[in-house]
Amino acid sequence: MLRFLGYHRQYLSKQVLDIIGGKDISWLDFRFSKKYAFLNHDRELVGLELIKDPEVTKKWCEFWPQIGTSQNWDAIGKIIYNDHEEWLFVEAKAHLGEVRSRCGAVSPKSIDKINVAFRKTIQSFCVGETPIENWLSPYYQTANRLASLHFLMKECDPAISARILFIYFYGDQRPDTECPQQEADWYQVIENIENRLGIDQSSELYKRVHHTYMPINPNQTN
C-alpha cells in the first residue's frame, strides 16, 4: 500500500474513484514518529485522530477504548462524493494471514466498552441476532473497522460522512505465506467474513463499505 501511495498514487486514485464513484480524492500524509523504525520512523494514522472536533473526540473516547492497539489505517483520504467531502478510511490486505485476528483486550473495562460498541454496530450492519463472539474472532480487525464507520455515521450528531475501502492485492510472492494470485481467490474469503459477522449486504451502512482488487504489478511482463 505504501508503494502505491508513494509511486503510483494516480493509478491508485483512479482505481478507488472507479469503485466508489467520487470525483476527486486527496490522500493524507502519515505521521512522523521515533517509535516505528520498521516504517522508517513514520507511523500509520490511528483511530480517529485526524478529526479535530473536541466533541467527536470526547464521544469516541466514550465509545471505544483508548488503551491498547487502536485502529491503524493503511491510508486515509478525503473524497469528493456528490459534491461534498467525505472521509475515506482504507484497509489493505495482500495475504490470507492478514485477514484473521482476534480481540486482544484484557482490561474488563475495555472489553465491556468493545462489547457495547459491537452491539450497536451489529444493529447497523446485521439482520437478526448475531453473537458478539462472532465479532471478537476470527475477523476482529474487520469488525472494529466497521465499528468506526458506525460511530461516525450513527453516534455523531450531525453524522460525519465516511466510507471504508478494503483493498485486496493479488499476485504477491512471499515465502511460507498464502498470497492470492488472482482476484477470484479473495471472493470466498470475503464471503466467509460477511457470513461470520452476519452482514446484511443491503443495509444502509454497508453500502458505504467498498471492496476492490488490485494486482501487485498491473504489468507483469515488465
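Residues numbered from 1 in each chain as written. Predicted model: local features only at pLDDT ≥ 70, side-chain atom pairs only at ≥ 80, totals over all residues. Heavy atoms only, no water.

(A) Summary view of the pairing of strand E9 (residues 209-215). Counted residue by residue, E9 has seven buried out of seven residues, so it is predominantly covered. Where strand E8 (residues 162-170) and E9 come together, seven bridges link them in parallel fashion. Across the sheet, phenylalanine 166 pairs through a bridge with histidine 211, a residue of E9. (Buried < 20%, exposed > 50% of the residue type's maximum accessible area, 1.4 Å probe, protein only. Helix = DSSP H or I, 4+ residues; strand = E, 2+ residues; numbered from the N terminus. Pairing = 2+ DSSP bridges.)

(B) Main features of helix H2 (residues 9-20). Between the first and last C-alpha of H2 there are 16 Å, a value that for 12 residues agrees with the 16 Å anticipated at 1.5 Å per step. Every buried residue belonging to H2 is among Leu12, Ser13, Val16, Leu17 and Ile20, and all of these are buried. Mapping the buried residues of H2 onto a view down its axis gives an arc of 125°, with all of them on the same face. Turned more than 90 degrees off the buried face of H2, the exposed positions are Gln10 and Asp18. In this structure, the buried residues of H2 make contact with helix H1 (2-7), strand E1 (24-27), strand E6 (75-81), strand E7 (84-93), E8 and E9. Where H2 ends, the next residue or the one after it, glycine 21, has phi of about 95°, a positive value. (Expected span 1.5 Å × (residues − 1). Arc of directions from axis to C-beta. Contact = heavy atoms within 4.5 Å.)

(C) How the structure looks around the environment of glutamine 141. Counting through the fold element by element, glutamine 141 comes out in helix H6 (residues 140-155). Remark: the alpha-carbon pair of glutamine 141 and glutamine 10, spanning 131 residues in sequence, is separated by 28 Å. Look past the residues within four positions of glutamine 141 in its chain and what remains in contact with it is Glu91, Lys93, Glu98 and Ser101.

(D) Quick peek at the environment of threonine 177. Within the element layout of this structure, threonine 177 appears in the loop between E8 and helix H7 (187-197). As for threonine 177 and glycine 97, which are separated by 80 residues in sequence, their C-alpha atoms are 7.5 Å apart.

(E) The arrangement of the pattern of salt bridges in detail. For the structure on display, the rule yields 10 salt bridges. Arginine 163 is the salt-bridge partner of glutamate 86, the closest N and O atoms lying 2.7 Å from each other. Here glutamate 86 is found in strand E7, whereas its partner arginine 163 is found in strand E8, with 77 residues between them in sequence. Of the two residues, glutamate 86 and arginine 163, neither departs from the other in class, the shared state being buried. The residue arginine 208 makes a salt bridge to glutamate 86 at a minimum N-O spacing of 3.1 Å. Of this pair, arginine 208 sits in the loop between H7 and E9 while glutamate 86 sits in strand E7, and the two are 122 residues apart along the sequence. (Salt bridge = Lys/Arg side-chain N within 4 Å of Asp/Glu carboxyl O.)

(F) Spotlight on the sheet that holds E7. An order of E1-E6-E7-E8-E9 is seen for the five strands of this open sheet, with the pairing classed as mixed. Taken across any chain shown, the strands that pair with only one partner, and hence form the sheet edges, are E1 and E9. Adjacent strand axes in the sheet meet at a mean angle of 30°, parallel and antiparallel pairs treated alike. Alignment of E7 against E8, held across seven bridges, turns out to be parallel. Residue pairing across strands places phenylalanine 89 opposite isoleucine 164, the latter belonging to E8. (Axes fitted to C-alpha atoms, helices over the stretch in contact; angles between N-to-C directions.)

By themselves, these observations are geometric and do not establish any function.
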